[in-house]
Amino acid sequence: MISINDNQKIGIAISGFGLLFLFLGMLLFFDKGLLAMGNIMFLCGLALIIGLERTFRFFFQKQKVKGTVAFFGGILVVLLGFPFTGMCIESYGFFIIFSGFFPVAINFIRRIPVIGNILNLPGISHVAAKLEGQSSYEDNQF
């Protein structure tokens, strides 16, 4: 079993509250106060979970510079008072930064009984295959 220290427990809670504030901020018509709090809390929680050095190494890799600039630029735009535009920019950065994890996540989700069947439906399988990096799901089924 994985041992979790107290800083990581606090980081999980802060990240969870950050995601909650982000969700509520989008639900309440892009409330800039909630979105700003959610962004700050999520980043602080992430730093507590994996540590400051690993957080900096993750965000500031050469191949992730474009996504990192978009992600933090989106946070800055939200803090400046343009929540919808900032969240669009931030979402683009998030997609670029975490695109390397999508194939692993989709393969994991395909093995879950009910959700895996949903991913194999005709319209959804094409989207999942593109996120996974395949040209098409049917091309790889021999």
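Structure: see above.
Residues numbered from 1 in each chain as written. Predicted model: local features only at pLDDT ≥ 70, side-chain atom pairs only at ≥ 80, totals over all residues. Heavy atoms only, no water.

Novice: I would appreciate a short explanation of the pattern of salt bridges in the present structure.
Specialist: In a structure, side chains of opposite charge can pair up when their charged atoms sit close to one another. Overall, the coordinates contain one salt bridge when judged by the stated rule. Taking the shortest distance from any N to any O, the salt bridge between Glu-53 and Arg-57 comes out at 3.5 Å. Separated by four residues within a single helix, Glu-53 and Arg-57 lie in helix H3 (residues 52-59), roughly one turn from each other. We classify Glu-53 as exposed; its relative accessible area is 57%. (Salt bridge = Lys/Arg side-chain N within 4 Å of Asp/Glu carboxyl O. Helix = DSSP H or I, 4+ residues; strand = E, 2+ residues; numbered from the N terminus. Buried < 20%, exposed > 50% of the residue type's maximum accessible area, 1.4 Å probe, protein only.)

Novice: I would appreciate a short explanation of the packing of helix H2 (residues 32-50) against H3 in the present structure.
Specialist: Helix-helix packing is characterised by the crossing angle of the two axes and by the distance between the axes. In the contact formed by H2 and H3, the axes pass within 6 Å of each other and the chain directions differ by 115 degrees. Along the contact surface, H2 presents Leu-43, Leu-46, Ala-47 and Ile-50, while H3 presents Leu-52, Arg-54, Thr-55 and Phe-59. Of the residues that constitute the contact of H2 with H3, the class distribution is six nonpolar, one polar and one charged. (Axes fitted to C-alpha atoms, helices over the stretch in contact; angles between N-to-C directions. Contact = heavy atoms within 4.5 Å. Nonpolar A, V, L, I, M, F, W, Y, C, P; charged D, E, K, R; others polar.)

Novice: For this particular structure, what's the right way to read the side chain of Asn-39?
Specialist: Looking at where Asn-39 falls in the secondary structure, it is placed in helix H2. Apart from the residues within four sequence positions on either side, Asn-39 is in contact with Leu-22, Ile-75, Val-78 and Glu-90.

Novice: Whenever I open this one, the packing of aromatic side chains confuses me. Can you help?
Specialist: Here the distance between the centres and the angle between the planes together describe a pair of aromatic rings. On inspection of all chains with the given rule, the structure shows twelve aromatic pairs. With 6.2 Å between their ring centres and 20 degrees between their planes, Phe-58 and Phe-101 make a pair best called stacked. Here Phe-101 lies in the loop between helix H5 (83-97) and helix H6 (102-110) and Phe-58 lies in helix H3, a separation of 43 residues in the sequence. Taking relative accessible area as the criterion, Phe-58 reaches 14% and is therefore assigned buried. Pairing Phe-94 with Phe-98 gives two aromatic rings, centres 4.5 Å apart and planes at 45 degrees, and the pair type is tilted. The exposure class assigned to Phe-98 is buried, which follows from its relative accessible area of 17%. Three or more aromatic residues joined by ring pairs form one cluster here, namely Phe-56, Phe-58, Phe-59, Phe-60, Phe-71, Phe-72, Phe-94, Phe-98 and Phe-101. (Phe/Tyr/Trp six-rings, centres within 6.5 Å; stacked < 30°, edge-to-face > 60°.)

Novice: Please clarify how helix H4 (residues 65-80) should be interpreted in this entry.
Specialist: One full turn of an α-helix is made of 3.6 residues, so residues set three or four places apart face in the same direction. In this model, H4 (16 residues) spans 22 Å end to end at C-alpha, consistent with the 22 Å of a helix rising 1.5 Å per residue. Gly-67, Thr-68, Ala-70, Phe-71, Gly-74, Ile-75 and Val-78 are the residues of H4 that are buried. Gly-81 sits one or two positions beyond H4 and adopts a positive phi of about 110 degrees. (Expected span 1.5 Å × (residues − 1).)

Keep in mind that these numbers describe shape and distance, not what the molecule does.
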